[in-house]
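Summary of structural features
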Amino acid sequence: MEEFSVLICDFDSAYVNALSTYLGSRKRRISVSAYTQIDSFLNGQGHYNLALLEKSFLESYESHQPDIKIDRVLYLSENVNDGVTSKEIFYKFQNVSNLNDVIAKARYDGCQENKTILGLEVLGIYSPIGHDLRLPFALTLSHIMSQQKKVMFLDLETFSILPDLIRNEDAKKDLLDIMYLMESEGESFQLQEHIFYFEDIAMLPPLKNPENLYFVKEELWERLYKTIMEMGYSIVLLYDGVFPFVHILYEYMDELILLGKSKDYYQYCFNHCKDYILQLDMAPRIHEVMLNMSAENLNEGAYRLKNLMEGNLRSFVWDEFKGTLAISNS
């Protein structure tokens, strides 16, 4: 997800500093710039996704047209009735956390306006109910997407069964070992050497020891995602718990698929999870999927990924996602 730029303009330097500090401490991938003097503002330059402008700054921006490009302008107002009605208003002394929703909406609208046939960059999949077909579901979606773009699938489940279902020795390696190599080798590290393929889907091996997750630096996870995307891959992430790095996953995701079943019993856990995610800062867009299929009738030896991915499950996934960002109609 690209960095989101915010401009704040107000004569009250204490307010500007407080708001800038709030955004800088609670948000990731947000850059904040500020002006407290009109002259400096008029001589400024740059491109901002969102700007909060006090009345004098707003009037100067509209009349002098400085070398500053702003996608969306909000009037930063101290009073409810002060005569400015032509702009969206953000009241200066409301709960500052309300700015979270404003930024989330602006970022989402920007993604919608700029979406291309390539579709999503990062797609998350999580099943709060522990759906028994979550891995085949994730791989089926990845396979369909791979017919249009390069796709990297990451299975970040605590105890992944991927190595048991795919006959590839590279699937039995450990993702964390690869990440530590990436850290120790620096610029000489080549991720391509550790990638293997299944049904046109690029993959990295899953985790072996989940306890080691707590020792991985946050920066290392970020470097992994950035490296994959710089190689031109869209990413499909399957995970099954709230790990120390999970907030980084949410911040990178363009969309999070919550996988469940439609029976009433499953809705309690599902809804608790959805409510939790929606209240997060910069929560990803949620796509709810109710998959009422099950693996309970599969006998030993019948659990064949290719068969599952080519049968009813494929038809279900195609019908669910056709025409969306994940799967283009083209």
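Above: the structure in question.
Small disclaimer: the values here were computed from a predicted structure and weren't measured.

Quick notes on the rules
Residues numbered from 1 in each chain as written. Predicted model: local features only at pLDDT ≥ 70, side-chain atom pairs only at ≥ 80, totals over all residues. Heavy atoms only, no water. Pairing = 2+ DSSP bridges. Helix = DSSP H or I, 4+ residues; strand = E, 2+ residues; numbered from the N terminus. Axes fitted to C-alpha atoms, helices over the stretch in contact; angles between N-to-C directions. Core = buried A, V, L, I, M, F, W, Y, C linked by side-chain atoms within 4.5 Å. Buried < 20%, exposed > 50% of the residue type's maximum accessible area, 1.4 Å probe, protein only. Expected span 1.5 Å × (residues − 1). Patch = residues over 30% accessible without salt bridge, like charges linked within 9 Å, V, L, I, M, F, W, Y side chains within 5 Å. Areas by Shrake-Rupley, 256 points an atom, 1.4 Å probe, with all protein chains shown as cover. Salt bridge = Lys/Arg side-chain N within 4 Å of Asp/Glu carboxyl O. Phe/Tyr/Trp six-rings, centres within 6.5 Å; stacked < 30°, edge-to-face > 60°. Lys NZ or Arg CZ within 6 Å of the ring centre and 35° of its normal.

1. Quick look at the sheet that holds strand β1 (residues 4–9)
Within a sheet, neighbouring strands are paired by backbone hydrogen bonds and run either parallel or antiparallel to one another. Pairing is parallel across the open sheet formed by 5 strands, whose spatial order is β2-β1-β4-β6-β7. Each having just a single partner strand, β2 (30–35) and β7 (88–91) make up the two edges of the open sheet. Within this sheet the neighbouring strands show an average axis-to-axis angle of 25 degrees, counted without direction. Relative to strand β6 (residues 73–77), strand β4 (residues 50–53) runs parallel, the two sharing 3 bridges.

2. Points about the nonpolar core
Residues W221 and Y225 are the most contacted members of the largest nonpolar core, which totals 38 residues. At the level of elements, β8 (122–126), β9 (151–155), α7 (175–185), α8 (218–230), β12 (234–239), α9 (246–252), β13 (255–260) and α10 (264–278) are the ones that each hand at least two residues to this core. F137, L139, I144 and M145 belong to the second largest nonpolar core, which has 32 residues in total.

3. Regarding helix α5 (residues 134–145)
Spanning 12 residues, α5 covers 17 Å between terminal C-alpha atoms, matching the ideal 16 Å at 1.5 Å per step. For α5, the tally of buried residues reaches 11 of 12 residues, placing the bulk of the element in the interior. Taken as a whole, α5 has its buried residues at L135, P136, F137, A138, L139, T140, L141, S142, H143, I144 and M145.

4. Description of unusual backbone geometry
Look at E199: it is not a glycine, yet its phi comes out positive at around 50 degrees. Counting through the fold element by element, E199 comes out in the loop between β10 (196–198) and β11 (201–203). The class for E199 is partly exposed, based on a relative accessible area of 25%.

5. A look at a nonpolar patch on the surface
A grouping of Y180, Y214 and F215 is seen on the molecular surface, where their side chains present a nonpolar patch of about 380 Å² in accessible area. When you line up the elements, F215 lands in the loop between β11 and α8. For F215, a relative accessible area of 63% gives the class exposed.

6. Topic: the packing of aromatic side chains
What the rule picks out here adds up to 10 aromatic pairs. Judged by centre distance (5.0 Å) and plane angle (45 degrees), the ring pair of F11 and F57 falls under tilted. Of this pair, F11 sits in the loop between β1 and α1 (13–26) while F57 sits in helix α3 (residues 55–64), and the two are 46 residues apart along the sequence. Residue F57 is classed as buried on the basis of its relative accessible area of 0%. Judged by centre distance (5.8 Å) and plane angle (70 degrees), the ring pair of Y35 and F41 falls under edge-to-face. Within the aromatic cluster, the residues linked to one another by ring pairs are F11, Y35, F41, F57 and Y61. Stacked on the ring of Y15, the Lys or Arg K92 has its end atom at 5.0 Å from the ring centre. The side chain of K150 reaches across the aromatic face of Y233, ending 4.3 Å from its centre.

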